[in-house]
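Fold and geometry: a report
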Amino acid sequence: MHRARAQADRVIERRHDLRGAWFFPYPFDFKHQVHTGLTYKAPWYSGMAQGEALSLFSQLAGYAGVPAAHRARYRAAADGAFASLLLANEGDRRPWVVARDGQHQLWIHEYPIDKPGTSDYTYNGFMFAVLGLWDYYALSRNSLAEQLFDGALTTLDAYFPQLRNPGWLSNYCHTHAIPTDTYHSVHIDLLRQLSWLSGSDRFAVQSDMLTDDYPPPSLGKAGGLATLDDGTHTLFRFAENGAVTASRALTLSRPWQCTASRRARIQGRGIYLLIEDGPAAGWQVAERFPAVRLHGEWCGSDYRPARAVTFSAGVSVVCRKHPEEGTVTRTVTYPKATVVSYDRRAVIDSRKMVRLTREEVAGWWAPTDQLH
């Protein structure tokens, strides 16, 4: 709390009072090395910074652990920051961070550019700013904050097809449409948070789609335990663009366990495990349940509120307990099509599964490929 307040006080002291609002300047020159057209001379202003400052002030203003007099100060700061998100790019009036695009959709620009339609339309910066709108609405119940939050979500939903590259990394921004491994996981997390705040499962679905397109490749320092069943497996080495640089066959007379250090999407291909030991060390093998599987739970995502799937009439679904509880299974069959809620999704032993919450099956995991 001391650090949060110290940062808030620093930002307040350095504010610029402009156009009846509080703006928080970046005190350095900046030129984006990849995205053309993004060159700024200090001081300059970013919609992401405005939204994140709004979030900080709003949370401090509503926190009972902050003395009342200081809460009032942070509330005034939140009001000043929110005012900046009501100022559009009208004529020559500056600064601004909010604009409508050619489709009349609302944007909060991380990198605003004065000429209409030429900004970067950066996705992650927009979403971070939207979180500030939510925090301010939670504090103030301001109807304009509610409308801006709703309008921002409408924009994000409309532009999701442009953000996403099916089967690959998502784009950093709309203008340049450059895939980014650095921000792909950030998009996943932000869409998940927006689904929690809005109560809409559209953003949960979108977060899941990005996870399936390019799941987080790291398996941690220890890696993960993998099993290759008996039979012949093709091992690969790939170039950065997904081209095969080498391959060979590995024939096993019995199941073999090994350590995998990565579980990654190969561009233009499926999910591959990078093996670290044994006869396949340094090679990658395609994940194929159940023949090639990574043990444990990976790529977990929680849902608030819970979502729903349907068990088809008379179809037997083999459910299981969490990996930490062993391989205990049970078969679930409903005589008629039945809707069942779930609150978490994950890849368990290389199979996408959901954790059920309906009373008679609560805590059991069901494979998504047998549900609707």
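Our subject in this report is the structure included herewith. Here the structure is a predicted model, which is why all the values come from computation and not from measurement.

1. Structural notes on the packing of aromatic side chains
In total, this model carries 24 aromatic pairs according to the counting rule given. Between the aromatic rings of F236 and F238, the centroid separation amounts to 5.5 Å while the plane-to-plane angle is 20°, which identifies the pairing as stacked. Across this residue pair, the class does not change: F236 and F238 are buried. Over the aromatic face of W22 sits the side chain of R15, whose NZ or CZ is 4.0 Å from the ring centroid. The cationic tip of R237 hangs over the ring face of W283; the distance from NZ or CZ to the ring centre is 3.9 Å.

2. Concerning the pairing of strand β18 (residues 351–356)
Examined bridge by bridge, strand β17 (residues 338–348) and β18 share six bridges and lie antiparallel to one another. The residue of β18 that forms the bridge with R344 is R355. Taking the residues that link successive antiparallel strands as the turn, the β17-β18 hairpin has two residues, and the phi of D349 there is positive, at about 50°. One ladder, built from three bridges, connects β18 with strand β19 (residues 365–367); its direction is antiparallel.

3. Looking at the pattern of salt bridges
Counted by the stated rule, this structure contains 20 salt bridges. Linking D9 and R73 is a salt bridge whose minimum nitrogen-to-oxygen distance equals 2.7 Å. A residue pair is termed long-range when its members are at least 10 positions apart, and D9 in helix α1 (residues 2–13) and R73 in helix α3 (residues 68–84) qualify at 64 residues. Notably, a salt bridge pairs R15 with D17, separated by 3.4 Å at the nearest N-O pair. For R15, a relative accessible area of 29% puts it in the partly exposed group. Connected through salt bridges with shared partners, the residues D208, D212, R307, R345 and K352 form a single ionic network.

4. Side note on the sheet that holds strand β7 (residues 224–228)
Two strands in a sheet stick together by hydrogen bonds in their backbones, pointing the same way (parallel) or opposite ways (antiparallel). Taking strand neighbours across the sheet as the criterion, the seven strands line up as β9-β8-β12-β11-β10-β7-β13 in an open arrangement whose pairing is antiparallel. At either end of the open sheet lies a strand with only one pairing partner, and these are β9 (244–252) and β13 (292–294). Here the strands of the sheet are splayed against their neighbours by 40° on average, with no regard to which way each runs. Sheet analysis places β7 next to strand β10 (residues 256–265), joined by five bridges and oriented antiparallel. By the bridge assignment, L228 is partnered in β10 with W256.

Thresholds, definitions, all that
Residues numbered from 1 in each chain as written. Predicted model: local features only at pLDDT ≥ 70, side-chain atom pairs only at ≥ 80, totals over all residues. Heavy atoms only, no water. Phe/Tyr/Trp six-rings, centres within 6.5 Å; stacked < 30°, edge-to-face > 60°. Buried < 20%, exposed > 50% of the residue type's maximum accessible area, 1.4 Å probe, protein only. Lys NZ or Arg CZ within 6 Å of the ring centre and 35° of its normal. Pairing = 2+ DSSP bridges. Helix = DSSP H or I, 4+ residues; strand = E, 2+ residues; numbered from the N terminus. Salt bridge = Lys/Arg side-chain N within 4 Å of Asp/Glu carboxyl O. Axes fitted to C-alpha atoms, helices over the stretch in contact; angles between N-to-C directions.

Don't take any of this as a statement about function, it's just geometry.
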